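# Notes for the structure review
Given next are the chains, with one letter for each unit.
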Amino acid sequence: LGNNWNPHAWETNADSALVILQNIQQSNLVSKEEIAKHALLLSMAMDKNYIDRTDFEVLQPAIDYYYEKGTPDEKLRTYYYQGRIYQNKGDKDLSMKAFINARELKDEIIDTLTYANLLVAQGTYLYSSYKIEEFIENNLLAAKLYQAIDRPYHQMKSLVNVLNGSIVNQDKHLADSIMTCCKNNI
């Protein structure tokens, strides 16, 4: 697994990453840190491959290790994937709590992609709770972050979310602004 790993470098080949990670024997992982790293990477690969876990069997070693000894980015990713599992289970309260814990790390992290993904995931709850202004804010920030890391598809999806929110709020000025932005990015 190595010490200089980029958790998003394999994102375009998540299916291959999943196969590799699933074939790593647990007995070959000697330290708690290696076990935690494997657990987090495997959780990330499963999520990227649309394997919606509803239990913590895979992620638990990362939770146990990173919440005490992890870097801010490791904690961010762990909270995010914990929130995704709760989301898959339909437990809105615990999912939102995990997302809030992750957002509290915003000034310490450098993992822009996970943070942007977190904003969008949290936004789904804001929208369903009729907190449309917060939904718009989350997606505007996510769109800016996706743009900064050259993720145009994700950026456009966030902008479409903002457009949706502006229509719900009957904010024609914002809707027109987003439409212009989207047209310029096509």
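Let me begin by describing the structure that accompanies this report. For clarity, every value in this text was computed on a predicted model and none was experimentally measured.

Rules behind the numbers
- Residues numbered from 1 in each chain as written.
- Predicted model: local features only at pLDDT ≥ 70, side-chain atom pairs only at ≥ 80, totals over all residues.
- Heavy atoms only, no water.
- Helix = DSSP H or I, 4+ residues; strand = E, 2+ residues; numbered from the N terminus.
- Rg over C-alpha atoms; globule rule 2.2 N^0.38 Å.
- Salt bridge = Lys/Arg side-chain N within 4 Å of Asp/Glu carboxyl O.
- Buried < 20%, exposed > 50% of the residue type's maximum accessible area, 1.4 Å probe, protein only.
- Core = buried A, V, L, I, M, F, W, Y, C linked by side-chain atoms within 4.5 Å.
- Contact = heavy atoms within 4.5 Å.

### Observations regarding the overall build of the protein chain
When you go through the protein chain residue by residue, the secondary structure sums to 9 helices and 0 strands. Ordered by position from the N terminus, the helices and strands of the protein chain form the series α-α-α-α-α-α-α-α-α. Taken over C-alpha atoms, the radius of gyration comes to 17 Å for the protein chain, in line with the 16 Å a tight globule of 186 residues would show. Structurally, the protein chain occupies a C-alpha span of about 60 × 35 × 30 Å along its principal axes.

### Concerning the pattern of salt bridges
Scanning all chains against the criterion turns up 5 salt bridges. R53 serves as the salt-bridge partner of D55, at 2.6 Å between the closest nitrogen and oxygen. Using a relative accessible area of 31% as the deciding quantity, one classes D55 as partly exposed. Members of the salt-bridge network, linked through shared partners, are R53, D55 and E57.

### Comments concerning the environment of T71
Following the sequence through the fold, T71 ends up in the loop between helix 3 (60-69) and helix 4 (72-89). Classification of T71 by relative accessible area gives partly exposed; the value is 39%. Each C-alpha atom, one on T71 and one on D111, is 11 Å from the other, the two residues being 40 residues apart in sequence.

### Some points on the nonpolar core
Here is a general trend for soluble globular proteins: nonpolar side chains tend to be buried in one another's company. Counting 50 residues, the largest nonpolar core has L40, L59, L76, Y115, L118 and I178 as the members making the most contacts within it. Residues in contact with L59, not counting those within four places in the same chain, are A39, L40, S43, T78, Y81, Q82 and I85.

### A few points about unusual backbone geometry
One non-glycine residue, Y50, lies in the positive phi region at around 60°. Mapped onto the elements, Y50 comes out in the loop between helix 2 (32-48) and helix 3. For Q170, which is not glycine, the phi torsion reads 55° and is therefore positive. Following the sequence through the fold, Q170 ends up in the loop between helix 8 (152-168) and helix 9 (172-185). With relative accessibility at 72%, the residue Q170 sits in the exposed group.

So far we have only geometry, and geometry alone does not tell us how the molecule works.
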